[in-house]
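Next come the chains, spelled out residue by residue.
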Amino acid sequence: MSEWNQYIQQIVGHIDICIKNEKDDALTLCELANKLGYSEYYTSRKFREVSGMTLKAYIRFRKLAFALKDLRDTENSVLNIAVKYGFSSNEAFTRAFKDAYGITPSEYRSRPVPVVLRTILKPFDCYLLEGAMNSMSQTHSNGDVKTYFVKIPAHKFLHIRNYESIGYWDFWQKQSRIPGQDCETVCGLLDSIKGKLDDVGGSGQNAGSGQLMAWINEPAGRICG
């Protein structure tokens, strides 16, 4: 299964690149299946198995996430944005946008409220796989670690308190049981807010996470996130 998680990660990265470069012809199931070397049926089935949604739905939600940021950050017309992201008409774009976010594109542009975006899927997490520590040790021993300084501007900090968690994975497992505080919802809301530290307009592999740290140790020794 972990092999297919990596394959799906390749696909979702490719999808974002194609959306950014307006290459709709490369976003067909046929093209994506060929990229992996599997049949359309098998690729579609495995994508849904790993992600919990159809490939078509995922691409649609990602296009809407890109479109929302164009509405927020540019002065392009609603029609031009609709065409840019493959919608057949202004009306089709408006219907899809309202179904996804509960507000029309014009209403959002005049009052850009936080909404839950479909952030890029990250089904492959090396830290949850056996042998991850070994691969990290190899990286360190090869001298690939680089030290550098980053100046972080003033910013807001979202803190979710959970004293029962015992680490990153356990934190989000517990949060997933609380409506509105699961990882996808929190990251989706952050991704819709302009000015995040890693805000790259929805066009990068890291888009959608903000500066996310799932757990920290307090001075008293307790763990929270």
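Heads up: the structure comes first, above all this text.
Notes on the structure follow. Just so it is clear, the model here is predicted, and its values are computed rather than measured. (Residues numbered from 1 in each chain as written. Predicted model: local features only at pLDDT ≥ 70, side-chain atom pairs only at ≥ 80, totals over all residues. Heavy atoms only, no water.)

**Focus: the packing of aromatic side chains**
Aromatic ring pairs are reported here in terms of the distance separating the ring centres and the angle at which the planes meet.
Inference 1: Throughout the structure, instances matching the rule amount to 11 aromatic pairs.
Inference 2: Ring geometry for tryptophan 4 versus tyrosine 38: centroids 4.9 Å apart, planes at 55°, classification tilted. Taken as a pair, tryptophan 4 in helix 1 (residues 2-20) and tyrosine 38 in the loop between helix 2 (29-36) and helix 3 (40-51) lie far apart in primary sequence, 34 residues in all.
Inference 3: Seen from their ring centres, phenylalanine 87 and phenylalanine 93 are 5.2 Å apart, and the 55° between their planes marks the pair as tilted.
Inference 4: Connected via pairs of aromatic rings, a cluster forms that spans Phe87, Phe93, Phe97, Tyr101 and Tyr108. (Phe/Tyr/Trp six-rings, centres within 6.5 Å; stacked < 30°, edge-to-face > 60°. Helix = DSSP H or I, 4+ residues; strand = E, 2+ residues; numbered from the N terminus.)

**Let's talk about the environment of glutamine 181**
Inference 1: Tracing the backbone shows glutamine 181 in the loop between helix 9 (168-175) and helix 10 (183-191).
Inference 2: Distance in space between the C-alpha atoms of glutamine 181 and isoleucine 160 is 8.4 Å, their sequence separation being 21 residues.
Inference 3: Dropping the residues within four chain positions of it, glutamine 181 is found in contact with Ile160, Trp172, Gln175 and Val186. (Contact = heavy atoms within 4.5 Å.)

**A word on helix 9**
Inference 1: Within helix 9 the residues assigned to the buried category are Phe171, Trp172 and Gln175. Here the buried residues of helix 9 occupy an arc of 85° about the axis, which is enough to place them on one side.
Inference 2: Residues of helix 9 that are buried sit in contact with helix 10. (Buried < 20%, exposed > 50% of the residue type's maximum accessible area, 1.4 Å probe, protein only. Arc of directions from axis to C-beta.)

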